[in-house]
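In case you want the letters, here they are:
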Amino acid sequence: IVAVCVSDVYTGTATEYCTFNYSEYPAAFADNASQATGYSIQLHWFLPLGSKPIVKKAQIKAALIAAGFDEPTVVDASDEAGIHLVFETGCVEWA
């Protein structure tokens, strides 16, 4: 959906790109032990001011859900440098 998608920091020259970061945490405790690993994930989509993100935003949300992630919350973190949409989602991996 977006041609460039890298972990953490993008240092290239594309005007539209995604980065992602995540944290993991123990989940589903039983018998004093974690039975699963939860992941909190942020996908950051950057694009130039003046872009029309509505269609591609829906495609990204649908792709995250189809990949097994929770339905994302989308936060607009745009500023004068450009559009920046943050898709906050997660998933649980069972042991």
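Here, the structure is the one placed above.
Predicted model only: the values in this text are computed from it and were never measured.

So, the overall build of the protein chain
For the protein chain, the count of helices and strands is one helix and five strands. Put simply, the protein chain runs from its N terminus to its C terminus through helices and strands in the order β-β-β-α-β-β. Counting only C-alpha atoms, the protein chain reaches 55 × 25 × 20 Å along its principal axes. The buried share of the protein chain, reckoned over its 95 residues, is 27%. Across the protein chain, every contact between residues at least 6 apart in sequence was considered, and the portion connecting residues at least 24 apart equals 46%. Split by element, the accessible area of the protein chain, about 6100 Å² in all, is 55% carbon and sulfur.

So, unusual backbone geometry
Unlike most non-glycine residues, aspartate 8 shows phi in positive territory, near 70°. In the Ramachandran plot, asparagine 32 falls in the positive-phi region, its phi being about 60° despite a non-glycine side chain. Here asparagine 32 is to be found in the loop between strand 2 (17-30) and strand 3 (33-47).

Comments concerning the side chain of histidine 84
In this structure, histidine 84 sits in strand 5 (residues 83-94). When near neighbours in sequence (up to four residues on either side) are disregarded, histidine 84 contacts His44, Trp45, Phe46, Val75, Asp76, Ala77 and Ser78.

Regarding the packing of aromatic side chains
This structure, assessed with the given rule, holds three aromatic pairs. Taken together, a centroid distance of 4.5 Å and an interplanar angle of 35° make the contact between tyrosine 10 and tyrosine 17 tilted. Given the relative accessible area of 21%, tyrosine 10 is considered partly exposed. Residue classification places tyrosine 17 among the buried residues on the basis of a relative accessible area of 18%. With 4.9 Å between their ring centres and 25° between their planes, tyrosine 17 and phenylalanine 46 make a pair best called stacked. Linking tyrosine 17 in strand 2 with phenylalanine 46 in strand 3, this pair joins segments that are 29 residues apart in sequence.

Topic: the pairing of strand 4 (residues 73-76)
Bridge count between strand 4 and strand 5: four bridges; the pairing is antiparallel. By the bridge assignment, aspartate 76 is partnered in strand 5 with leucine 85. Turn length for the strand 4-strand 5 hairpin, with the two strands adjacent in sequence and antiparallel, is six residues, and the turn residue glycine 82 shows positive phi of about 160°.

Cut-offs applied
- The residue count restarts for each chain, going from 1 along the sequence in the order it is written.
- Where local features are concerned, this predicted model is filtered to residues with pLDDT of at least 70; where side-chain atom pairs are given and counted, the filter is 80 or more; whole-chain, interface and lining totals use all residues.
- Side-chain calculation: all heavy atoms of the structure are included, whereas hydrogens and water are not.
- Secondary structure counts use DSSP, requiring at least four H or I residues in a row for a helix and at least two E residues in a row for a strand, with both numbered from the N terminus.
- Buried residues are those whose accessible area, probed at 1.4 Å on protein chains only, stays under 20% of the maximum for their type, while exposed residues exceed 50% and partly exposed ones sit between those limits.
- Note on contacts: a residue pair is in contact if any heavy atoms of the two residues lie within 4.5 Å.
- Using a 1.4 Å probe, accessible areas were evaluated by the Shrake-Rupley method; residue-level cover was limited to the displayed protein chains.
- Ring pairs shown here join Phe, Tyr and Trp side chains whose ring centres sit within 6.5 Å, with only the six-membered ring taken for Trp; geometry is labelled stacked below 30 degrees between planes, edge-to-face above 60, and tilted in between.
- Pairing between two strands requires that DSSP report at least two bridges joining them.

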